[in-house]
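# Fold and contact review
The chain contents come next:
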Amino acid sequence: MSTLGNPAIFKAYDIRGLYGEEIDESTALAIGRAFARVIAALEDKSPAELRLGLGRDMRLTAPGMAAAYRDGMCSEGAKVLDAGMVGTEMLYYLVGSRELDGGLMCTASHNPKAYTGVKLVGRGALALSGDAGIGDVRDRIADGLGDPPGGGSVEEVSIYDEFQEAALKFIDAAAIKPLRVVVDGGNGMAGRMVGPLLERLGLDLIKAYWEPDGNFPDHEPNPMLPKNREFIMGEVVKREADLGIAWDGDADRCFFIDEQGAFVDGDFLTALLTESMIAKEKRPPTPTVLYDVRASRAVADVARKAGGQALINRVGHAFFKARMRKEHAAFGGEVSGHYYFRDFYCADSGTLPALLILELLSQRGARMSELLEPFRSHYFISGEINSEVEDPAAKLEELAERYQDGKQTRLDGVSVDYDDWHFNVRSSNTEPLLRLCVESLQSREHMEAKRDELLGVIRR
């Protein structure tokens, strides 16, 4: 394998590939070196002046890969603050709270066991992306890095206690009732990161796959796939629990199951968190939240009713984090389970949504299904549907022409709005796919008819 590895590992929002086939320690060393140089250029400093954070998840390859990233950054002269095995948002917290120049998280998130990867952020935990930073890392490696100057250093830091104290400040811990909650950590980082907080809240916890284990002996750490949440859905009903919460591998996303065993769509979870965060907002002017182009109109309706405003945004954490700063938005939510908080460095968190929903349920004295009923009975959503097409760009234009009588926007793909329904179609960043989301404000039958109509155009 060349030092660069497979160029396809450089994705839109991270670097990720099969360990040993597409990326290994030699690639990691080069990424660490190039990352230090890219951050140095962004900060207008020499690499020797940088302070960079480092974290790793529980994957079997993570210790060796993280050591290689660390050696790469140090070989360029940077000082590395190594937090050891942490959840991804803890690396964001380290970078934000210590005012570091940037940080590198060794993780493949929700991917299967064979994968490894890295998430990169700059100052303030602002994500690097393929368009801004990740491509520069790739290009610097491809151009050749030469001999390293050396001279860096490492400081090992422990941030669990301070991270958990910071997270608790988002809620009134005394308000939490002793709810029965099934938690599924997917053998990822949630048990270690969020577990101690949930224990402190006096909950009746039913733990599953709670210990970090890079072998993932039970199921892949990806609750977005229906097969991976079958267990927790059944367990919530079986145990007569008030709520189920499942996390992905690096625990920066969490997913909810109501007391009836039904999955909570990210659109509606965003709406609930919008209500919660606007209620907590004390700062003028009008509180602002962000939601993505795929999402239900429920988010904007809830924000307006709560006295705030909701702004629509491009999909992707780099776009959300940048816009959060620009708009000084209190909160942002994506239907994929990424939830961002201004007072958490505009970073996404799998801890804060869990705490906030537990607080909301306790304060309202309501069941989760009761909080969701106004959304489920008035907003009929399709979820994201993927279709493989030969020419995604041409198909987008065909859809725009066919539905030209609707209000069209091109913020991210093509969005078309009518009074009682709307849809968004986007191209995949990495595959010849179109991704469709449809919503009707009439009925589920109306949504399904429009969904089938659109798929008929897309797939012919």
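In the block above lies the structure referred to throughout.
This text gives an overview of the structure that appears in the document. The model shown is predicted, which means the values in this text are computed figures rather than measured ones.

### Observations regarding the overall build of the protein chain
Scanning the protein chain from N- to C-terminus turns up 15 helices and 21 strands. Here the C-alpha atoms of the protein chain give a radius of gyration of 22 Å, agreeing with the 23 Å that 2.2 N^0.38 yields for 460 residues. Over its C-alpha atoms, taken along the principal directions, the protein chain stretches across nearly 65 × 55 × 45 Å. Going through the 460 residues of the protein chain one by one, you find that 59% of them count as buried. Taking contacts inside the protein chain between residues at least 6 apart in sequence as the whole, the part at least 24 apart equals 69%. On the protein chain, roughly 17900 Å² of surface is accessible, and the fraction owed to carbon and sulfur atoms is 46%. Put simply, the protein chain has 54 plus and 73 minus side-chain charges, and the middle of one group is 2 Å from the middle of the other.

### Details of helix 5 (residues 160-168)
Residues of helix 5 that are buried: Tyr160, Phe163, Gln164, Ala167 and Leu168. One side of helix 5 carries all its buried residues, which in axial view fall inside an arc of 135 degrees. Packed against the buried residues of helix 5 are strand 3 (79-85), helix 3 (88-97), helix 6 (190-193), helix 7 (195-200) and helix 12 (352-364).

### As for the pairing of strand 19 (residues 414-417)
Pairing of strand 18 (residues 407-409) with strand 19, which is carried by 3 bridges, proceeds in the antiparallel orientation. Note that in strand 19 the partner of Thr409 across the bridge is Ser415. If you look at the hairpin formed by strand 18 and strand 19, you'll find 4 residues sitting between the two strands, and Gly413 has a positive phi there, around 75 degrees. In textbook terms, the turn of a hairpin is the stretch between consecutive antiparallel strands, and for strand 19 and strand 20 (residues 421-427) this stretch comprises 3 residues.

### Considerations on the sheet that holds strand 8 (residues 204-208)
Across the sheet, 4 strands lie side by side as 8-7-9-10; this open sheet has mixed pairing. Sheet topology places strand 8 and strand 10 (254-257) at the edges, where each strand pairs with a single neighbour. Mean inter-strand twist for the sheet, computed between neighbouring axes without regard to direction, equals 20 degrees. Two strands pair when backbone bridges link them, and strand 7 (residues 180-184) and strand 8 are joined in this way by 5 bridges, in the parallel orientation. Bridge pairing in strand 8 places Val181 opposite Leu205.

### Concerning helix 11 (residues 317-327)
Burial in helix 11 covers these residues: His317, Ala318, Phe320, Lys321 and Met324. On the buried face of helix 11, the contacting elements are helix 3, strand 11 (288-292), strand 12 (309-313), strand 13 (331-333), strand 14 (339-341) and strand 15 (347-348). Backbone geometry just downstream of helix 11 places His328 in the positive-phi region, at approximately 55 degrees.

### Section: the sheet that holds strand 1 (residues 15-18)
Spatial ordering of the open sheet is given by 1-5-4-2-3-6, a layout of 6 strands whose pairing is mixed. Two strands in the sheet have a free side with no partner beyond their single neighbour: strand 1 and strand 6 (153-156). Taken over all neighbouring pairs, the strand axes of this sheet differ in orientation by 20 degrees on average, direction set aside. Pairing geometry for strand 4 (residues 102-106) and strand 5 (residues 115-122), over 5 bridges, is antiparallel. The residue bridging Gly102 from the neighbouring strand is Gly122, located in strand 5. Its contacts with the sheet put helix 1 (residues 25-43) on strand 1, strand 2 (51-56), strand 4 and strand 5, and the angle it makes with strand 5 is roughly 15 degrees.

### Topic: the side chain of His422
Looking at where His422 falls in the secondary structure, it is placed in strand 20. Of the residues examined, His422 reaches a relative accessible area of 8% and is grouped as buried. For His422, the side chain forms a polar contact with the side chain of Glu439, separated by 2.6 Å. If we skip the residues at most four places from it in the chain, His422 touches Ala295, Arg297, Val416, Asp417, Cys437, Val438 and Glu439.

Cut-off values and rules
- Residues numbered from 1 in each chain as written.
- Predicted model: local features only at pLDDT ≥ 70, side-chain atom pairs only at ≥ 80, totals over all residues.
- Heavy atoms only, no water.
- Helix = DSSP H or I, 4+ residues; strand = E, 2+ residues; numbered from the N terminus.
- Rg over C-alpha atoms; globule rule 2.2 N^0.38 Å.
- Buried < 20%, exposed > 50% of the residue type's maximum accessible area, 1.4 Å probe, protein only.
- Contact = heavy atoms within 4.5 Å.
- Areas by Shrake-Rupley, 256 points an atom, 1.4 Å probe, with all protein chains shown as cover.
- Lys, Arg positive; Asp, Glu negative; His and termini not counted.
- Charge placed at Lys NZ, Arg CZ, Asp CG, Glu CD.
- Arc of directions from axis to C-beta.
- Pairing = 2+ DSSP bridges.
- Axes fitted to C-alpha atoms, helices over the stretch in contact; angles between N-to-C directions.
- Polar contact = N/O pair within 3.5 Å; in protein donor to acceptor, adjacent residues only side chain to side chain.

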